[in-house]
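Chain residues, written in single-letter form:
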Amino acid sequence: MLRIAWTQFRTNVSIFEELDTKQHLSSIVQGRILTFFGHITRREDTSVERLVVQGKVEGTRALGRSPMRWTDKVKTALNGPLHEYTRKTTVREEWRRIVKLVTTPDMRATTTLPRV
């Protein structure tokens, strides 16, 4: 896009400023993950999708590094216990506000997420 050689030693911040981007791809993906989490969590308890996202698999896991679970991504994005935010998904307007707070770069530094 900008034809910047690796020998120029430019920072990501300077490149983002030159491109004049408003939102990073990672925050867009994170917002979609959180939106989908809210959608699935509001479903009824017998939903197969909800069991897949929030359920635990019986048995033992293979040796090696633990896999990154879907709920781990939600926990790290929200910086809090999952059960609190599971309750917050029932009110759509509040959940949308939380997703916007988490995914907006300017708001993340100045705002803390509400606790239950």
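Residues numbered from 1 in each chain as written. Predicted model: local features only at pLDDT ≥ 70, side-chain atom pairs only at ≥ 80, totals over all residues. Heavy atoms only, no water.

### Thoughts on the overall build of the protein
Regarding its fold elements, the protein presents seven helices and zero strands. When the helices and strands of the protein are listed from N to C terminus, the series reads α-α-α-α-α-α-α. By residue count, 26% of the 116 residues in the protein fall in the buried class. A separation threshold of at least 6 residues defines the contact pool for the protein, and within that pool the share at least 24 residues apart is 55%. Counting every atom, the protein has about 9,200 Å² of accessible surface; 56% of that belongs to carbon and sulfur. (Helix = DSSP H or I, 4+ residues; strand = E, 2+ residues; numbered from the N terminus. Buried < 20%, exposed > 50% of the residue type's maximum accessible area, 1.4 Å probe, protein only. Contact = heavy atoms within 4.5 Å. Areas by Shrake-Rupley, 256 points an atom, 1.4 Å probe, with all protein chains shown as cover.)

### Considering the environment of K88
Relative to the elements of secondary structure, K88 occurs in helix α5 (residues 82-88). Residue K88 is classed as buried on the basis of its relative accessible area, which comes to 7%. A C-alpha to C-alpha distance of 9.7 Å links K88 and T41, two positions 47 residues apart in sequence.

### So, the pattern of salt bridges
Side chains that differ in charge, positive against negative, can pair when their charged atoms come close. Per the stated rule, a full pass over the model turns up three salt bridges. For E18, the salt bridge is made with R10, and the minimal N-O distance between the two is 2.6 Å. Residue classification places R10 among the partly exposed positions, given a relative accessible area of 33%. The partner of K88 in a salt bridge is E94, and the shortest N-O contact between them spans 3.0 Å. (Salt bridge = Lys/Arg side-chain N within 4 Å of Asp/Glu carboxyl O.)

### Side note on the nonpolar core
Core analysis: the biggest nonpolar cluster contains 14 residues, and L34, F37, V74, L78, W95, I98 and V102 have the highest contact counts within it. For V74, the contacting residues outside a window of four places in its chain are I33, L34, F37 and L82. (Core = buried A, V, L, I, M, F, W, Y, C linked by side-chain atoms within 4.5 Å.)

### Brief notes about the packing of helix α2 (residues 25-41) against helix α6 (residues 92-103)
Describing two packed helices takes the angle between their axes plus the distance from one axis to the other. Close contact between α2 and α6 brings their axes to 9 Å; oriented N to C, the two are set at 160 degrees. In terms of orientation, α2 lies roughly antiparallel with respect to α6. As for the relative orientation of α2 and α6, their crossing is right-handed in sense. Mapping the contact onto sequence places S27, Q30, G31, L34, T35, F37 and G38 in α2 and W95, V99, V102 and T103 in α6. When the residues that make up the contact of α2 with α6 are grouped by side-chain class, the tally is five nonpolar, six polar and no charged. (Axes fitted to C-alpha atoms, helices over the stretch in contact; angles between N-to-C directions. Parallel < 35°, antiparallel > 145°, perpendicular 65-115°, else oblique. Left-handed = near helix turned anticlockwise from the far one by under 90°. Nonpolar A, V, L, I, M, F, W, Y, C, P; charged D, E, K, R; others polar.)

### Remarks on a nonpolar patch on the surface
Where nonpolar side chains cluster on the molecular surface, the patch consists of L25, I28 and V29 and spans about 270 Å² of accessible area. By secondary structure assignment, the location of L25 is in helix α2. L25 sits in the exposed class, given a relative accessible area of 64%. (Patch = residues over 30% accessible without salt bridge, like charges linked within 9 Å, V, L, I, M, F, W, Y side chains within 5 Å.)

### Looking at unusual backbone geometry
Positive phi is not limited to glycine here, since R3 has a value of about 55 degrees. Here R3 lies in the segment before α1 (12-19). In the Ramachandran plot, N79 falls in the positive-phi region, its phi being about 55 degrees despite a non-glycine side chain. Inspection of the secondary structure puts N79 in the loop between α4 (70-78) and α5.

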